[in-house]
Structure formats: C-alpha cells, structure tokens
Amino acid sequence: MFPAEQVALGKRAETIVADEKGVSLSFTDGTSARVGALLGADGIHSCVRTAMFGAESPRFTGIVAYRAVVPAERVAGVPNLGAFTKWWGPNPQSQIVTFPLNRGKDIFIFATTPQDTWHLESWTAPGSVDELREQYVAYHPEARALLDACDTVLKTALYERDPMPAWAQGRMALLGDAAHPMLPFMAQGAGMAIEDAVVLARHLEGVAMTDMADALQGYEKARIERAGQVQLGLRGNNWLREGGNADWVYGYDAWAVPLGAPVAATA
Ligand SMILES: Cc1cc2nc3c(=O)[nH]c(=O)nc-3n(C[C@H](O)[C@H](O)[C@H](O)COP(=O)(O)OP(=O)(O)OC[C@H]3O[C@@H](n4cnc5c(N)ncnc54)[C@H](O)[C@@H]3O)c2cc1C
C-alpha cells in the first residue's frame with residue numbers, strides 16, 4: 001500500500017532535470033521536489049517524455065473525429081445500442097462507432113471521416129452538428145438517426161505518432177499515452193496503459209533505488225514491442241473488420257508474462 005502522506009494531488013510538473021542519483025522537479029504552484037525515480041504517466045502531451053527525449057512532432061492523419069453524447073431514450077428506435085456497434089464507411093478513414101454510457105442512459109457517438117488539413121490538436125474544440133450530418137448522409141438510416149439526435153458535437157483531428165525506440169532512461173520511464181499515444185481504432189489506449197502499469201509494478205517490486213535504472217530497462221524491454229505492434233496494427237482501421245483471431249490482444253496476461261522479456265504480439 002502506498003503511504004497517503006506521499007501522495008500530492010493537484011500538482012502540475014513544469015521542469016524536470018535528471019542526474020545519476022535522481023530527478024528534480026518544479027511545479028507550476030512554485031513548489032519543487034527531489035525524487036529517486038520518476039515515472040511519467042502524464043498522457044499524450046507528456047512533459048516527462050519531452051524532458052527525456054525532446055519535443056515530438058506528431059503527424060496529422062488526414063482524419064477528423066466527431067464526438068457526441070445523446071440520451072438513449074431519444075434514439076430508442078435504433079436497435080442494438082446496448083453494445084459496442086460500428087458502421088464501416090466507404091474508406092478506411094470513415095466509420096461511426098457507438099457504445100452505451102451511464103449504464104445505458106446515454107449513447108456515446110464517435111464518427112471519423114477524412115479531411116485535408118487541420119491546425120489544432122485538442123479534444124475539446126466544438127464542431128457543427130449540421131456538418132456532422134452532412135458528412136454521413138450516405139450512411140445507413142439507423143446511423144443517421146443517431147446523428148440527427150445530436151444537439152452538440154466536439155470535433156477533433158487525429159494525430160499519428162510512430163512507436164518510440166525507448167521508454168526508459170536512467171531513473172525515468174514512461175507509461176500509458178506518454179509512452180505510446182495511439183489512434184483509437186482498436187480501443188486499446190487505456191488497455192495498454194493498464195498492462196504497462198501491471199508489468200511495471202512487477203518489475204519494481206523489492207527493487208532498491210540503486211537498481212532502479214536496470215528495473216526500468218527491464219520494464220521497457222517487456223512492454224515496448226507489444227505496445228508498438230498495437231500502435232502500428234491499428235493503422236488502416238481494419239481491426240476485426242473481417243473477423244480473425246483477436247487473442248494476441250485480449251489473451252495477454254500482464255500478471256503472468258515473464259519479467260524483462262519482450263512479449264511480441266503475434267497476429
Ligand atoms: C474519445 C476517446 C475514446 C477512447 N476510447 C478508448 C477505449 O474505448 N478503450 C481504451 O482502452 N482507450 C480509449 N481511449 C484512450 C484512453 O483514454 C487513453 O489511452 C488513456 O486515458 C491513457 O491513460 P494515461 O493514464 O496514459 O493518460 P491520461 O488518461 O491522459 O492521464 C494523464 C494524466 O496526467 C496528468 N498530467 C498531464 N500533464 C501533467 C503534468 N505536467 N504534471 C502533472 N500531471 C500531468 C493529466 O492531468 C492526467 O490526469 C479513448 C480516448 C479518447 C480521447
């Protein structure tokens with residue numbers, strides 16, 4: 001159990017400087033800390049990743065995504081909304097995905113489509129519902145009924161990153177989106193982050209701070225190939241389109257994989 005007095009919430013790391021014996025951090029509230037090791041689970045715009053490897057330059061995929069939530073009662077005439085549902089589009093960039101939220105009270109809609117240009121990487125920019133409906137005018141009437149029920153929508157560009165060659169450096173390491181930001185087409189971003197956390201915890205168990213760098217290298221070795229395969233495997237947006245064996249994704253047991261050994265995903 002992690003001691004409660006060692007948990008500090010509401011802090012935003014600003015600068016990170018590492019040396020052989022540890023890492024110094026300063027926070028936006030003016031405070032600072034010195035730690036023996038630093039694990040960066042700080043998401044897609046990770047400042048820990050930037051401190052370790054420099055700023056990255058993601059590529060715009062040429063795909064934009066619309067996101068909306070509608071009350072389920074408003075789309076009660078559309079069948080099968082109690083489960084994850086996907087309407088494939090005429091090209092790999094186009095799809096409409098829905099799944100229930102809030103125990104089925106609401107329906108989440110995630111629709112992607114090609115677009116030539118984009119300038120802002122944000123998950124909170126508003127979109128136009130009229131434009132949304134226009135983009136999917138040729139879709140099945142059930143899919144269109146969902147879009148007709150949207151009052152508001154968010155519009156986001158999807159950016160692509162290549163798998164990183166390393167996640168660990170001295171006494172610092174990355175996990176989750178900080179290590180492997182990925183497109184949503186396999187719905188594996190959080191899944192991979194949880195797998196990272198389990199495998200990392202197993203590598204850190206009983207490790208002295210003096211052996212931390214080796215333990216973090218072992219964690220990286222165990223995880224980097226698998227996460228990279230998912231990052232690349234979802235390109236083309238054809239995951240499970242024709243069925244196929246999904247065991248290499250869902251059959252992985254983070255509690256049982258050998259420590260320090262790469263576990264390649266074999267499709
Ligand atoms: C619309 C959408 C749908 C998705 N659907 C799925 C799905 O179906 N299945 C799935 O597996 N994944 C899905 N994902 C992906 C999933 O949400 C992410 O992969 C997952 O949240 C990554 O977890 P994380 O902990 O690495 O990063 P995050 O969840 O991004 O958490 C990072 C944390 O770090 C904090 N932070 C950032 N910078 C700093 C700083 N400088 N100092 C201190 N703290 C900081 C942030 O405030 C945040 O709390 C979806 C994502 C989106 C956007």
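Here the structure is shown first, and the text comes after it.
None of the values given here were measured: they were computed from a predicted structure.

Rules behind the numbers
Residues numbered from 1 in each chain as written. Predicted model: local features only at pLDDT ≥ 70, side-chain atom pairs only at ≥ 80, totals over all residues. Heavy atoms only, no water. Helix = DSSP H or I, 4+ residues; strand = E, 2+ residues; numbered from the N terminus. Buried < 20%, exposed > 50% of the residue type's maximum accessible area, 1.4 Å probe, protein only. Contact = heavy atoms within 4.5 Å. Areas by Shrake-Rupley, 256 points an atom, 1.4 Å probe, with all protein chains shown as cover. Lys, Arg positive; Asp, Glu negative; His and termini not counted. Charge placed at Lys NZ, Arg CZ, Asp CG, Glu CD. Phe/Tyr/Trp six-rings, centres within 6.5 Å; stacked < 30°, edge-to-face > 60°. Near = heavy atom within 4 Å. Polar contact = N/O pair within 3.5 Å; in protein donor to acceptor, adjacent residues only side chain to side chain. Nonpolar A, V, L, I, M, F, W, Y, C, P; charged D, E, K, R; others polar. Patch = residues over 30% accessible without salt bridge, like charges linked within 9 Å, V, L, I, M, F, W, Y side chains within 5 Å. Salt bridge = Lys/Arg side-chain N within 4 Å of Asp/Glu carboxyl O. 1 Å grid on protein atoms, 1.4 Å probe; cavity = no way out; pocket = protein on both sides within 12 Å on 5 of 7 lines; lining within 4 Å. Points joined across faces, edges and corners; volume = space filled by probe spheres on them.

### Looking at the overall build of the protein
Along the backbone of the protein there are six helices and eleven strands. Per-residue burial over the protein gives 42% buried out of 267 residues. In the protein, the share of contacts with a sequence separation of at least 24, taken over all contacts with a separation of at least 6, comes to 67%. Total accessible area on the protein is roughly 14200 Å²; 55% of this is exposed by carbon and sulfur atoms. When the 22 basic and 30 acidic side-chain charges of the protein are each reduced to a single mean position, those positions are 1 Å apart.

### A closer look at the packing of aromatic side chains
Counting across every chain of the model gives nine aromatic pairs. Centre to centre, the rings of W239 and W248 are 5.7 Å apart; their planes meet at 80°, and the pair counts as edge-to-face. There is no split in this pair, since W239 and W248 are both buried. Seen from their ring centres, W239 and Y250 are 6.2 Å apart, and the 50° between their planes marks the pair as tilted. In this pair, W239 is assigned in the loop between helix 5 (212-233) and helix 6 (247-250) and Y250 in helix 6, connecting sequence segments eleven residues apart. For W239, a relative accessible area of 15% translates into the label buried. Aromatic ring contacts, followed pair by pair, group F84, F99, F108 and F110 into a single cluster.

### Regarding the site of the ligand
In the vicinity of the ligand lie 16 residues, with A13, D177, A187, G189 and A190 positioned nearest. Between the ligand and R12 there is a distance of 3.3 Å, counted from a nitrogen atom to a side-chain nitrogen or oxygen. Here an oxygen atom of the ligand and a side-chain polar atom of D177 are 2.8 Å apart. Protein contact buries 58% of the 1000 Å² of open area that the ligand shows by itself. Per element, the largest residue contribution to the shell around the ligand is three residues, and it comes from helix 4 (residues 189-204). Looking at the shell around the ligand residue by residue, the class counts come to six nonpolar, five polar and five charged.

### A look at unusual backbone geometry
A positive phi angle, close to 50°, is found at N102, a residue other than glycine. In this fold, N102 is placed in the loop between strand 7 (95-101) and strand 8 (106-114). Backbone geometry places N237, a non-glycine residue, at a positive phi of 50°. You can see N237 is positioned in the loop between helix 5 and helix 6. A relative accessible area of 3% means that N237 is categorised as buried.

### Focus: a nonpolar patch on the surface
A grouping of F2, V7 and L9 is seen on the molecular surface, where their side chains present a nonpolar patch of about 370 Å² in accessible area. Looking at where V7 falls in the secondary structure, it is placed in the segment before strand 1 (13-19).

### Here we look at the layout of surface pockets
Each pocket or cavity is described by its volume, and for the largest pocket that value is around 1100 Å³. Surrounding the largest pocket, 26 residues form its lining, F2, V35, A37, L38 and L39 being those nearest its centre. Those elements that place two or more of their residues in the lining of the largest pocket are strand 2 (22-27), strand 3 (32-35), strand 4 (38-40) and helix 1 (47-53). Per-element accounting of the lining of the largest pocket gives the leading share, three residues, to strand 4. Considered class by class, the residues forming the lining of the largest pocket number 19 nonpolar, four polar and three charged.

Everything listed here is a matter of geometry and, on its own, says nothing about what the molecule does.
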